[in-house]
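Observations on chain architecture
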Amino acid sequence: MAARAPFADWRVLELSNGIAVSYCGKMFVDAGADVVKVESAAGDSLRGRDAGGPPGALFGYLAAGKKSVANTGRPEVTELLAGADIVVTDLTDGWTLDGITAHTGAAAVVVTVTPFGTTGPYVDDRVIANEFILQALCGSTAGRGWPEDEPVQAGGQLGEWLAGTFAAVVAAATARHAARSGRGEIVDVSKYEAMVIAMGGLSAMSASVLGADSLLGQRSLELPSIVPTADGLVGFCTITAQQFQDFLVLIDRADLLDDAELASFDGRVARRDEFLDMVTQWTRSRTTREVVDLAVGFRIPVAPIATPEMLPTIDHFVERGVFVESGDGVLQPRVPYRSDAMATTPPGRAPELGADSGRVHWPPRSGAPGDADADALPLADTRVTDFTAFWAGPVATQLLGALGADVIKVEGVRRPDGMRFSAGRPPTWDRWWEWGPVFLCSNNNKRGVSIELSTDAGRSLALELIAASDLVIENFSPRVMTNFGLDWDAVRAANPGAIMVRMPAFGLDGPWRDRVGFAQTMEQATGMAWMTGHADGPPVIPRGVCDPIAGLHAAFAAVAALVIRDRDGTGMHVESTMVEAALNVAAEMLVEYSRNGVTMRRNGNRGPGAGPQGVYRCRGDDDWVALAAMDDAARAALADVLERPDLRAGDWCEQPDEIDKLICAWAGRRPVAEAVEALRAAGVAAARVTPAPELLRDPHLHARGFWETVDHPVAGSFLCTGMPFAFVGKPRRWIRRPPPLYGQHTGEVLTALVGRSRDELSALARSGTIGDRPAGL
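Residues numbered from 1 in each chain as written. Predicted model: local features only at pLDDT ≥ 70, side-chain atom pairs only at ≥ 80, totals over all residues. Heavy atoms only, no water.

The biggest cluster of nonpolar side chains holds 170 residues, and the ones touching the most others in it are F7, F28, Y192, F556 and F725. Per element, the largest residue contribution to this core is 15 residues, and it comes from helix α21 (residues 546-568). The residues that make up this core include at least three from each of domain 1 (11-215 + 315-360 + 528-596) and domain 3 (612-696). When near neighbours in sequence (up to four residues on either side) are disregarded, F28 contacts F7, W10, V12, A33, V35, I86, A168, A171, A172 and F556. In terms of nonpolar packing, the next biggest core, distinct from the first, is built from 25 residues, I408, I451, L463 and A498 among them. (Core = buried A, V, L, I, M, F, W, Y, C linked by side-chain atoms within 4.5 Å. Buried < 20%, exposed > 50% of the residue type's maximum accessible area, 1.4 Å probe, protein only. Helix = DSSP H or I, 4+ residues; strand = E, 2+ residues; numbered from the N terminus. Domains from an automatic or database assignment. Contact = heavy atoms within 4.5 Å.)

Written out as structure tokens, the structure is:
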């Protein structure tokens, strides 16, 4: 049977004017859906996006393969609403939720993606926000840079892409359920909440769990991270103590292996100049290729810092065919997941404005009830065997669990999830492995079992779990599952209907296949770091966002695979790589270079769509205000606030540095709260550059029920990030089960699902196949 696209029969209506919803729509185009984009007479603002050259490349990437219908007031759009399976909208161009739902069918899923959601204090107070302001609010900007320097945004408008991906996953899962239950949903997605989870929330979670003992939250940069070589830039990542020791040997400084101060991050910060001098002295004497090859030999995460020109030439991307030409002849990343049993749609051409007006006819959907419980969560019929660890994989399985899946997290006896030990309590604490904040915030709604997969008995238990599951998800290096005897052939033999989603850092083949890769490595290798940092300084990693981005794309691929299995009854093997998910989200700089020859690069806190835009120090201890003037009215209002009515329209563009000096002088005389209030009152988008721990007291997040209280038997009661969306009209509670203690549910799962007796469990414990605490501690 020839592979078919998962959403080949789905109809998606896109009512949007920006990146987030456009990317959501693109993900459905990639998966075979018929996507119609409804535009105002002026067209989507991205049609006129100018990155320094001729416009249109980003719009072309996001709109390729879609149809365009002009909203001219004709009944055509009303008919499309009635026939749509999914409507996704950012509520711009005059659209309202009531105006949309008045015409949709009973089984339609309507997804709104807005800055703050559709309710809450920031909506009621009409707080104005673009991506830059949201980054300042969500704790992201405050944590990036050295304490004595100006904090800096993450480049590339990553929050927009992140929110669009969240929207795509929840839309796909909910639409699958609606098709079988006959009843749709309205889903309220908040960009701000998505960004809190993925861009600022880890420091907030650390503060919530550990209080004053939290090690996260101060503004900093990684050491080591991005440094110059003889012919370019290279990025390192030393997550573990062993990697840092290996790094010292790499740079010929084995004499420092016993330097306890240098072994700690705080110690390296205190000796920053000394440390960076010794690193760059070594890297500057070698080419980027030489540095990378040597670091790979030590299994240190490493990558060249990709530029727009470099990306298409990187050997791993070339050999894997990662970049493809669109129908417009523009080089772009391919779909970031693939399977022999799943067809995806190659990139087509972007439509002319209104090219399909009068040509699209969607008969209304019947919405006939099926056999699914309309009140159940979308994935309530799905069981997942979860072999993931660290952050990317657990984000995927936690989202599936929030949507109702029964997720069984498998951890080794000798090698549990490494996030249990990261940034939590010292080994002197009782059960110190239960305190890792990242683990605690990304493993809710899961049952935890311990199985030593390197033993024959452990492998047999794993295969029996797989036989009782719908999905198997793992994010080890490619060789690991093969070494355990749990590769795709073994999974398929145990359960022909199983879907196995694999999340390797760089892919299951290619020159970089066996390299170690963390989120920082992806940000260095894909261009995200190139786009982040001050214009006159080195690139800076956005810090961690690639993990949730990878997890969300893998979750989308998993739902797509479930749709195929619903239809065809087939299990399948799916590869969803971390680096290709990141490339899709960072695609703007590549498509601009390919189409227009424009080399985009970092530009501090400035960016498209606003000017002036920046952060300015206020009176007080490291207090900063972020502001963005997004149109002429805002600039005129800002001139009044600055008491400079003489400023002409041209001054804002022609003298940006002088304008910044004026704003700096104004802000420096005021407390940050006063500055924010004055700017907002005038109609200028503004926010405090918020330290992440203060998100725990954010009134908007509390009013919307974003923070959920978790009662943990070891870590106690703390606030935890939920999901960045709500089903309108239903109680918002995504965390139904706290993150599991190590091996907490081993007995429960192995007796109920695998049929082991209590005597057998005792024998397995004696042999070290299962355990209630990690081995060796």
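By the element assignment, A8 lies in the segment before β1 (11-15). Put simply, A8 and I564 are 556 residues apart on the chain and 9.9 Å apart in space, counted from C-alpha to C-alpha. Those residues in contact with A8 that sit more than four places away from it in its chain are A31 and G32.

In this section: the pattern of salt bridges. Under the defined criterion, the tally for this structure stands at 58 salt bridges. Between E575 and R338 there is a salt bridge; the shortest N-O distance is 2.6 Å. Separated by 237 residues along the polypeptide, E575 in strand β18 (residues 572-576) and R338 in strand β12 (residues 337-338) bring together distant segments of the chain. Classification of E575 by relative accessible area gives buried; the value is 5%. The salt bridge partner of D406 is R383, with a shortest N-O separation of 3.1 Å. Linking D406 in strand β14 (residues 406-411) with R383 in strand β13 (residues 383-387), this pair joins segments that are 23 residues apart in sequence. Several salt bridges share partner residues, and in doing so they unite R320, R334, R338, D509, E575 and E580 into one network. (Salt bridge = Lys/Arg side-chain N within 4 Å of Asp/Glu carboxyl O.)

As a further point, take the sheet that holds strand β19 (residues 613-617). With respect to topology, three strands assemble into an open sheet ordered β19-β20-β21, the strand pairing being antiparallel. Unpaired on one side and paired on the other, β19 and β21 (685-688) mark the two borders of the sheet. Strand-to-strand twist in this sheet, taken as the mean axis angle between neighbours without regard to direction, amounts to 20 degrees. Inspection of the sheet shows β19 paired to strand β20 (residues 624-628) by five bridges, in the antiparallel sense. Counted as the bridge partner of V615 is A626 from β20. (Pairing = 2+ DSSP bridges. Axes fitted to C-alpha atoms, helices over the stretch in contact; angles between N-to-C directions.)

Annotation of the protein at the domain level lists domain 1 (11-215 + 315-360 + 528-596), domain 2 (238-300) and domain 3 (612-696). Using only C-alpha atoms to locate each centre, domain 1 and domain 3 end up separated by 29 Å. Contacts between the two partners involve 25 residues from domain 1 and, on the opposite side, 23 residues from domain 3. At the boundary of domain 1 with domain 3, total buried surface from both sides reaches about 1700 Å², with 73% on carbon and sulfur atoms. Of all residues in domain 1, I128, F132 and I133 give up the largest surface area on contact with domain 3, accounting jointly for 27% of the area buried on that side. Remark: the boundary between domain 1 and domain 3 carries zero salt bridges. For the interface between domain 1 and domain 3, the tally reads two residue pairs in polar contact (both at pLDDT 80 or more). (Buried area = accessible area lost by both parts, 1.4 Å probe. Polar contact = N/O pair within 3.5 Å; in protein donor to acceptor, adjacent residues only side chain to side chain.)

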